[in-house]
Amino acid sequence: MTKKFYITTPIYYVNARPHIGHAYTTLACDTIARRHRMLGDDTWFLTGTDEHGQKIERAAQAAGKTPQQFTDEISAEFRALWARMGLTHDDFIRTTSVRHQEGVQALWRKIRDNGYIYKGTYTGQYCVSDELYVDAVGPGAPCPDCGRPTETVHEENYYFKLSAFQDQLIRLYTEQPDFIRPETRRNEVLSFVRGGLRDLSISRSTFSWGIPVPDDPKHVIYVWLDALANYITALGYGSNDASKFDKYWPADVHMIGKEIVRFHCVYWPAFLLAAGLPLPRGITAHGWLLFEESKMSKSRGNIVRAETIVDVLGTDALRYFLLREVVFGQDGSFSFDALVQRYNSDLANGLGNLASRTLTMINRYFKGEVPYPSHAASIPHDKYVVKFAETVITGTQAWYDEFSFSRALETIWALIAEVDKYIVQNEPWSLGEKKDEESRSRLATVLYTSAEALRIVTALAHPVMPDATAKIWAQMGLGDIRKLDLTQLQWGQLRLGTKLGEVQAVFPRADKSAVERMQKMEEQNASGVTGVPPIQPSEARQPVVASAIPSTLAKPAATIPDGKISIDDFAKVELRVAQVKTAERVKGADKLLRLEVDLGTEVRQLVAGIAEAYEPETLIGRKVVIVANLAPRKLRGLESNGMIVAASPEGGKPVLASFLEDVPVGTRLK
Ligand code: MSP
């Protein structure tokens, strides 16, 4: 009976355009999905975009777009890139789609009706970037997870009884040790859960960009509950047609980056248990791609786009490099130099060279037909290659099963090295010069052995490098590689007399200029210079989307030391002197004042968290510093148009920035 296999990527936030960090997870899943199809499994591969929440709402605001317009554009970029890279997901879910929203509401109702949702109030710090309540003290205190400043919120929310699942979760991790892989992540989760679970707030009422809570639309559903549910809503959970859900759920693999382990390994199984649904079979967390020593991410401004590499070296080169160079599960560095070096050594000189030399010699000496090996002319070295190849087949499959891609590729490339040695030692080119029977038989054996090894290498490497291997397969006259049954792969299946197709180089050597070209493309893209090749001719980059990119991206990361910003970045923050015209307390908020300030050219309303430090009357006429170009946001229903600058001493009250000398209203601080 055919086995089913369901694999998912995280759904990506659309506040950032795709980069090779996102591509890394997606292509790893694509590799696994392709392999499972080759193993004959009924495979379903899901990816998508995560489009709700305050973070996205703010990014859209900063770009001067409605959240829907903004998410439509960036989600389309993800889809266009995946299409361009030839990824084989069976579905792409958007959390703004109707099918998802209905599914999430159905899940909410189920959990609620099972008694795991109640109403409560929360006052404390919130990290917008992580979309998470955190244990931090005071306004602006750093988030313990990501270090970014937190915001104080006071909300009436719906809570999920997470605490009720502590024992069940611990049992799950202990009884099913491969539920979380690798083990380091499992241990982290186990100790987190053993430390005690508090109930989780699962609704928000301070912003509206989300899925309304059923029967209480003032609240929207917490973005992580919304997002995690994609794994089932995409299969039709909660809809009239649950046939895919019945067939594919539970997922066999949720693939994620290590920073979202807690959401997937604690919250997600708890939500499912509360809804009475089966749990995924396993969650695998990989490490981060680093660029210049730190995690590649939009907020650090050190991203590399996949398009650049795809343009210059092709998708297979990117896939091979990331899966070969980075030990899956651990962090690994990306650099253009290392990429080109590996491309040349392993692909151009390795697989590419083996294919072209073997097939060219078959063309030259046997008129393009796979020759008959001769038992009589066989020597121990031939048998050694056969044995070697057999071990490589078993070894590679085992490494793939564990998602140890680098080991799998190392193993396949060991066979390439062995065959290279075999060819050099057996000198088919010298045998080809001789016309005697014995030399012809030997030549046939050497070339058959080399070609059969090449076929095995090609089949095993196919999930990682689908394009190049499909070409080699066709050049070998073997037809469509996707029809290959990987479970049956063994030595000796290359049929004698097979007619080769046209032989062409699959990996032309890259010269040094490839590195410079790629670096230049990234620099130009980061500084917004036009003329960078777009994803697809029909989908030229939107200037608006570019303006949503944080200022740290504006300069090539390479020139700015980690953790620093350039002077141009600083110049983007418009600090101005303003004079307070009116000030009053905000009802129901102990810490907030509503101010109207004069900027010289206009009067603005601000909401500032300084009520505990200043009586409103004492501020009238005072000159203060404000961030004048901050995107407007709402606090307590009041629009705040800018931010007042104050020192925030640890545990103390805020102190407004001011001047000893008199400064005209509107003056810019530089
Ligand atoms: N939207 C959430 C996930 C919800 S899943 C129910 C999210 N999105 S994200 O856009 O931030 O993407 C996170 C994922 O992208 C990571 O978990 C990882 O799979 C991938 N990566 C993003 N940057 C990466 C690196 N620098 N390195 C490796 N993977 C990276 O979190």
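In what follows, the structure referred to is the one given above.
Calculation criteria
- Residues numbered from 1 in each chain as written.
- Predicted model: local features only at pLDDT ≥ 70, side-chain atom pairs only at ≥ 80, totals over all residues.
- Heavy atoms only, no water.
- Helix = DSSP H or I, 4+ residues; strand = E, 2+ residues; numbered from the N terminus.
- Buried < 20%, exposed > 50% of the residue type's maximum accessible area, 1.4 Å probe, protein only.
- Contact = heavy atoms within 4.5 Å.
- Near = heavy atom within 4 Å.
- Polar contact = N/O pair within 3.5 Å; in protein donor to acceptor, adjacent residues only side chain to side chain.
- Areas by Shrake-Rupley, 256 points an atom, 1.4 Å probe, with all protein chains shown as cover.
- Nonpolar A, V, L, I, M, F, W, Y, C, P; charged D, E, K, R; others polar.
- Expected span 1.5 Å × (residues − 1).
- Arc of directions from axis to C-beta.
- Pairing = 2+ DSSP bridges.

Q: Could you clarify how one ought to interpret the side chain of Thr308 in this entry?
A: Turning to its location among the elements, Thr308 is positioned in helix α11 (residues 306–313). Look at Thr308 and you get buried, because its relative accessible area is 0%. Residues contacting Thr308, with those up to four places away along its chain left out, are Met518, Met521 and Glu522.

Q: For this particular structure, what's the right way to read the side chain of Asn15?
A: Within the element layout of this structure, Asn15 appears in the loop between β2 (12–13) and α1 (20–38). Among residues more than four places away in sequence, those in contact with Asn15 are Lys55, Ile56, Ala59, Phe70 and Lys298.

Q: Mind showing me how you'd approach the site of the ligand here?
A: If you check the shell around the ligand, you find 25 residues, and the closest are Thr25, Asp50, Glu259, Leu289 and Met296. Take Glu259: an N or O atom from its side chain is 2.8 Å from an oxygen atom of the ligand. Measuring from a nitrogen atom of the ligand, one finds a backbone N or O atom of Met296 at 2.8 Å. Bound to the protein, the ligand loses 94% of the 670 Å² it would expose on its own. For the shell around the ligand, the secondary structure elements donating two or more residues are β2, α1, α7 (223–228) and α8 (230–233). The leading source of residues in the shell around the ligand is α1, at 4 residues. Looking at the shell around the ligand, its residues break down into 13 nonpolar, 9 polar and 3 charged.

Q: Sorry, what's going on with helix α6 (residues 183–194) here?
A: The α-helix advances 3.6 residues per turn, and as a result positions three or four apart in sequence lie on the same side. With 12 residues, α6 extends 16 Å from end C-alpha to end C-alpha; this agrees with the ideal 16 Å at 1.5 Å per step. Every buried residue of α6 is listed here: Arg185, Arg186, Val189, Leu190 and Val193. Projection of α6 onto a plane perpendicular to its axis shows the buried side chains occupying an angular sector of 135 degrees, all on one side. Buried positions along α6 lie against α5 (166–175), β8 (180–181), α10 (261–275) and β14 (283–286). Positioned one or two residues after α6, Gly196 has a phi angle of 105 degrees, which is positive.

Q: Sorry, what's going on with the sheet that holds strand β17 (residues 332–333) here?
A: For sheets, the rule is that strands pair by backbone hydrogen bonds, running either parallel or antiparallel. Pairing is mixed across the open sheet formed by 3 strands, whose spatial order is β16-β15-β17. Each edge of the open sheet is held by one strand with a lone partner, namely β16 (294–295) and β17. With 2 bridges joining them, strand β15 (residues 289–291) and β16 adopt antiparallel strand pairing. Looking across to β16, one finds that Leu290 is bridged to Lys295.

Read these as layout, nothing more, since geometry by itself doesn't imply function.
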